[in-house]
Amino acid sequence: MPPWLLGSLCCVLAARAALGGGPAGAEAAATEEAEEKLIRVLVLLPRDDAYLFSLGRVRPAIEYAVRSLRDSGLPPGYAFQLTYEDSACGNRALFSLVDMVALQRRRPDLLLGPVCEYAAAPVARLAAHWDVPMLSAGALAAGFGAKGGEYSHLTRVAPAYAKMGEMLLALFRYHQWSRATLLYSDSNPERSCYFAMEGVHVVFQEEAFHMAVHSFDESSRHLDIDDVVRALQTGERVVIMCASGDTIRNIMLAAHRQGMTNGDYAFFNIELFNSSSYGNGSWRRGDKHDIEAKKAYSYLQTITLLRTVKPEFEKFSLEVKSSVQKQGLHEDDYVNMFVEGFHDAILLYALALQEVLKFGFTKKDGEKIVQQTRNRTYEGIAGQVSIDANGDRYGDFSVIGMTDPEAGTQEVIGDYYGKQGRFEVRSNVKYPWYHGRLRLDEGRVSEHTNNTPCKSSGGLGESAVAGIVVGALLGAGLLMAFYFFRKKYRITIERRTRQEDCNMGKHRQLREDSIRSHFSAA
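Residues numbered from 1 in each chain as written. Predicted model: local features only at pLDDT ≥ 70, side-chain atom pairs only at ≥ 80, totals over all residues. Heavy atoms only, no water.

*Asks:* When you look at the state of the cysteines in this model, what are you seeing that I'm missing?
*Replies:* Cysteine pairs can be linked by a disulfide, which is a covalent bond between their two sulfur atoms. Throughout the structure, instances matching the rule amount to 2 disulfides. A disulfide bridge connects C89 with C116, and the sulfur atoms are separated by 1.6 Å. With C89 in the loop between β2 (79–86) and α4 (92–102) and C116 in the loop between β3 (110–112) and α5 (117–130), this residue pair connects regions lying 27 residues apart in the sequence. (Disulfide = S-S within 2.5 Å. Helix = DSSP H or I, 4+ residues; strand = E, 2+ residues; numbered from the N terminus.)

*Asks:* Is there a simple way to explain the sheet that holds strand β14 (residues 409–417) in this structure?
*Replies:* One key point about sheets: their strands pair by backbone hydrogen bonds, in either a parallel or an antiparallel sense. In spatial order, the strands read β7-β6-β8-β9-β10-β13-β14-β15; together these 8 strands make up an open sheet with mixed pairing. Since the sheet does not close on itself, it has two edges, and those belong to β7 (210–216) and β15 (422–425), each with one partner. Neighbouring strand axes in the sheet, compared pairwise and without regard to direction, differ in orientation by 25° on average. Sheet topology note: the strand β6 (residues 179–185)/β7 ladder contains 7 bridges and is parallel. By the bridge assignment for β7, L182 is matched with V213. (Pairing = 2+ DSSP bridges. Axes fitted to C-alpha atoms, helices over the stretch in contact; angles between N-to-C directions.)

*Asks:* Is there a simple way to think about the nonpolar core in this case?
*Replies:* Taken as a class, soluble globular proteins show a tendency for nonpolar side chains to be buried jointly. With 117 residues, the main nonpolar core has F80, L111, L112, L168, F204, I240 and F316 as its most contacted residues. The leading source of residues in this core is helix α12 (residues 337–358), at 13 residues. Apart from the residues within four sequence positions on either side, F80 is in contact with I39, V41, V66, L69, L74, I346 and Y349. Among the nonpolar cores identified, the runner-up in size contains 24 residues, and I225, M241, L253 and A255 belong to it. (Core = buried A, V, L, I, M, F, W, Y, C linked by side-chain atoms within 4.5 Å. Buried < 20%, exposed > 50% of the residue type's maximum accessible area, 1.4 Å probe, protein only. Contact = heavy atoms within 4.5 Å.)

*Asks:* Hey, could you run me through helix α8 (residues 225–232) in this one?
*Replies:* Note that an α-helix has 3.6 residues per turn; residues three or four places apart therefore point the same way. Of all 8 residues in α8, 6 are buried; the element is thus mostly enclosed. Packing partners of the buried residues in α8 comprise β6, β7, β8 (238–242), α9 (245–257) and β9 (266–270). The N-cap of α8, judged by a side-chain oxygen 3.0 Å from the amide nitrogen of D226 a few residues on, is D224. (Polar contact = N/O pair within 3.5 Å; in protein donor to acceptor, adjacent residues only side chain to side chain.)

*Asks:* So what exactly am I meant to see when it comes to the environment of I251 here?
*Replies:* Within the secondary structure, I251 sits in helix α9. Among all residues touching I251, those that are not within four sequence positions of it are L183, F216, I225, V229 and M241.

*Asks:* Before we go on, may I ask you to explain the packing of aromatic side chains in this structure?
*Replies:* Each aromatic ring pair is summarised here by two numbers: the centre-to-centre distance and the angle between the ring planes. Inspection of the entire model under this criterion finds 16 aromatic pairs. Residues Y51 and F53 carry aromatic rings whose centres are separated by 5.3 Å and whose planes lie at 35° to one another, so their mutual orientation is tilted. Geometrically, the ring pair formed by F53 and F338 is edge-to-face, given 4.9 Å between the ring centres and 70° between the ring planes. Note that F53 is positioned in the loop between β1 (38–45) and α3 (55–68) and F338 in helix α12, a separation of 285 residues in sequence. A residue is classified by how much of its surface remains accessible, and F53, at 5% relative accessible area, is buried. In this structure an aromatic cluster arises from ring pairing among F172, W177, F204, F209 and F268. The ring of Y194 carries the charged tip of R191 above its face, separated from the ring centre by 3.9 Å. We note R237 situated over the ring of Y265; from NZ or CZ to the ring centre the distance is 4.8 Å. (Phe/Tyr/Trp six-rings, centres within 6.5 Å; stacked < 30°, edge-to-face > 60°. Lys NZ or Arg CZ within 6 Å of the ring centre and 35° of its normal.)

Any functional reading would require information beyond the geometric quantities listed.
Structural data, given as structure tokens:
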């Protein structure tokens with residue numbers, strides 16, 4: 001081949017290489033660009049519809065948010081690719097994430113969920129290791145508040161239980177109280193009421209409040225509600241409760257029959273997740289106990305998330321309801337805290353992604369995206385959402401009370417605004433506990449010490465349980481025996497032997513490496 005021809009051929013090949021290798025090169029470049037703009041989202045939620053945050057309930061909300069961002073809200077050319085996996089509220093969440101990365105060779109750009117604490121903990125650690133943002137409307141336990149290390153990539157788009165503790169602290173300051181009894185059911189696998197009370201306990205303990213703690217298993221056929229209420233009489237006069245709606249009603253009926261609804265006690269009920277599955281303050285059942293329940297509930301107030309309704313929320317609710325009903329689910333609450341939260345998580349990620357792209361980063365810069373989710377206020381489906389510097393949503397709550405004891409009318413009587421840390425009584429309602437109706441004696445010394453579950457939340461490193469009942473030689477003997485036999489544990493001696501045996505058996509499966517618990521004895 002003549003030298004001049006060889007030189008020309010080399011020039012042509014060099015030019016083709018510079019232009020991307022022709023059609024094949026152009027196609028490869030286009031594929032790479034499309035890949036760069038494809039946001040892979042791995043959703044880790046349980047398929048079991050027994051959970052309020054099941055895939056069947058939450059998926060319509062996530063897809064509603066994705067549709068709302070197609071025309072505006074995402075950078076040009078970007079799109080979400082959603083993959084749904086069953087977390088089973090356990091190890092399956094971690095396995096699904098590992099399988100996606102190790103077997104399918106596809107690392108997600110965003111994790112949504114898990115919700116359950118024991119499923120979320122290992123996933124959050126791996127997310128931090130792989131630099132993947134993790135947004136969840138769950139993982140609300142106090143242990144996840146330590147974002148400095150292994151939970152650094154977790155942003156919680158629903159108020160953590162400690163935020164509810166801050167609300168109750170503001171309420172107690174309003175009433176000038178500093179002592180409380182915490183009473184909760186510890187019967188379901190996700191232990192929602194346990195972790196809720198842990199959040200309250202952490203906040204109250206920081207303020208040196210005196211607390212008595214009682215737990216019970218409302219699913220037990222041996223449960224004696226009268227016995228539970230008698231235990232309250234030896235504790236503090238302000239009682240904070242978490243249990244199912246029917247159990248709360250039974251407790252209030254028993255308290256009324258034992259003379260505890262005459263102004264000497266104040267009862268608060270926590271309505272978790274804006275769901276009627278937990279006590280929503282309703283006394284009416286249409287049975288023979290309604291009259292008694294109405295009287296008893298005049299001394300019960302319910303803590304719930306502040307409800308704000310926008311016109312778009314109505315459309316959202318109807319679409320979610322329609323989608324859920326098509327799956328054969330028919331219930332009272334189609335839109336709860338989790339449904340709203342995961343919708344808002346998609347919006348938050350889109351806002352954060354836009355910010356990092358402006359600074360020249362990409363979707364692979366997970367830590368940069370996480371930073372942009374914090375210290376941010378934006379408009380969610382039901383109102384403003386504010387995330388603090390720690391990556392936790394501020395909690396806005398309402399207090400519902402009976403404003404007309406004769407008619408049994410219940411209304412929102414006060415609101416707490418988390419970002420401002422302010423509790424306000426509504427001016428247009430009659431506050432039910434004014435005019436000396438409460439006669440709480442906070443100077444009275446409590447006779448009952450903490451009685452918390454005999455197994456902690458399965459914390460990292462050491463698993464500690466709270467509350468040691470000292471008072472009898474037998475109790476002291478058992479305490480010493482357990483101390484020498486299990487050096488890494490502090491054991492709670494339950495008030496009744498059968499409750500201790502039940503609780504120890506029920507929680508023996510919890511792993512030591514799950515999450516840290518701060519629910520310890522005062």
